[in-house]
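Spelled out from the first residue to the last, the chains are:
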Amino acid sequence: MSPILSVRNLSRNFGAIKAVDDVSFDLAKGELLALIGPNGAGKSTCFNMLMGQLKPSSGTVQLMGKNIAGMQPRKIWRMGVGRTFQITATYASMTVVENVQMALMSHHKRLYSLTTFAHKLYREEALALLDTVGMADQSERHCAVLAYGDLKRLELAVALANDPILLLMDEPTAGMAPRERIALMQLTADILEQRGISVLFTEHDMDVVFAHSHRIMVLNRGQLIADGTVDEIRNNPQVQEVYLGGGTLFKAQEDANA
Ligand code: ADP
Ligand code: MG
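The protein chain is annotated in an unreviewed UniProt entry as Lipopolysaccharide export system ATP-binding protein LptB of Sulfitobacter pontiacus.

Q: Give me the lowdown on the sheet that holds strand E5 (residues 66-67), citing residues and values where you can.
A: Pairing within the open sheet is antiparallel, and its 4 strands lie in the order E2-E1-E4-E5. One side of each edge strand has no neighbouring strand; the edge strands of this open sheet are strand E2 (17-27) and E5. Pairing between strand E4 (residues 58-63) and E5: 2 bridges, direction antiparallel. In the strand pairing of E5, Leu63 is matched with Lys66. Against the sheet, helix H1 (residues 43-51) touches strand E1 (5-14), E2 and E4, its axis set at about 120° to E1.

Q: Residues and numbers for the pairing of strand E9 (residues 215-220), please.
A: Counting buried residues in E9 gives 5 out of 6 residues, a clear majority hidden from the surface. Relative to E9, strand E3 (residues 32-36) is paired through 4 bridges, and the arrangement is parallel. Of the residues in E9, the one forming a bridge with Leu33 is Arg215. Two strands pair when backbone bridges link them, and E9 and strand E10 (residues 223-228) are joined in this way by 5 bridges, in the antiparallel orientation.

Definitions and limits used
Residues numbered from 1 in each chain as written. Chains lettered and ligands numbered in written order. Predicted model: local features only at pLDDT ≥ 70, side-chain atom pairs only at ≥ 80, totals over all residues. Heavy atoms only, no water. Pairing = 2+ DSSP bridges. Helix = DSSP H or I, 4+ residues; strand = E, 2+ residues; numbered from the N terminus. Contact = heavy atoms within 4.5 Å. Axes fitted to C-alpha atoms, helices over the stretch in contact; angles between N-to-C directions. Buried < 20%, exposed > 50% of the residue type's maximum accessible area, 1.4 Å probe, protein only.

Structure representation (structure tokens):
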């Protein structure tokens, strides 16, 4: 089967810094792919190019065979690439269900408007999506009063409203307590697996990475130094060296084994 996403020789410089340096990889349908690497490795730069926020210096990004490198973010989003867990994406003054309705209206290209008419639009569909993420009982609450973890579940529902084929998640569990992180990623992985949505995510927490990835890629100084299964990455000497320098990759494992 041809890949959903196909990245070739992707590079981005900032002056003399090669933030992303000749990166190539494929992402298959339904695959959960983690992109890890120390701070400053180029993960966010890579994401920003895939989403259209940054133009590549060179290289191609093909989404289902179409080159999207350098396209406007809005256009890429319309083609089915979603981005989750940006807190600002939700409107604090609206209710939970209204936020999802807005996303559905936008997906179906209706005009944004909060008239009484709009209140009824896509309400059933919005409630069904909230049910999927376990937020149905909070549908009438205002977003401003939601707990952090609930806001993240709402953002997942908002992302799903666009019916994405690919989701990009840059540190989805940042700022969450460890137990909450695992629960959120488990929920996310289950939903995406059911729907056959492909995922590329970055994550600091190696417990989350090892528990939920089908495949892991390691970026260091802009270059991909490894690409493999969880076991392959764990046992890769070059990866261990990079992380033992920074001291984080296997710490959780060592603690667990101690
Ligand atoms: P990561 O997300 O892996 O921590 P980034 O992609 O944020 O890494 O950064 C990669 C490198 O590019 C770093 O050296 C960073 O300082 C540099 N960089 C990122 N964005 C910019 C920018 N807008 N201007 C200049 N340098 C940048
Ligand atoms: Mg980053």
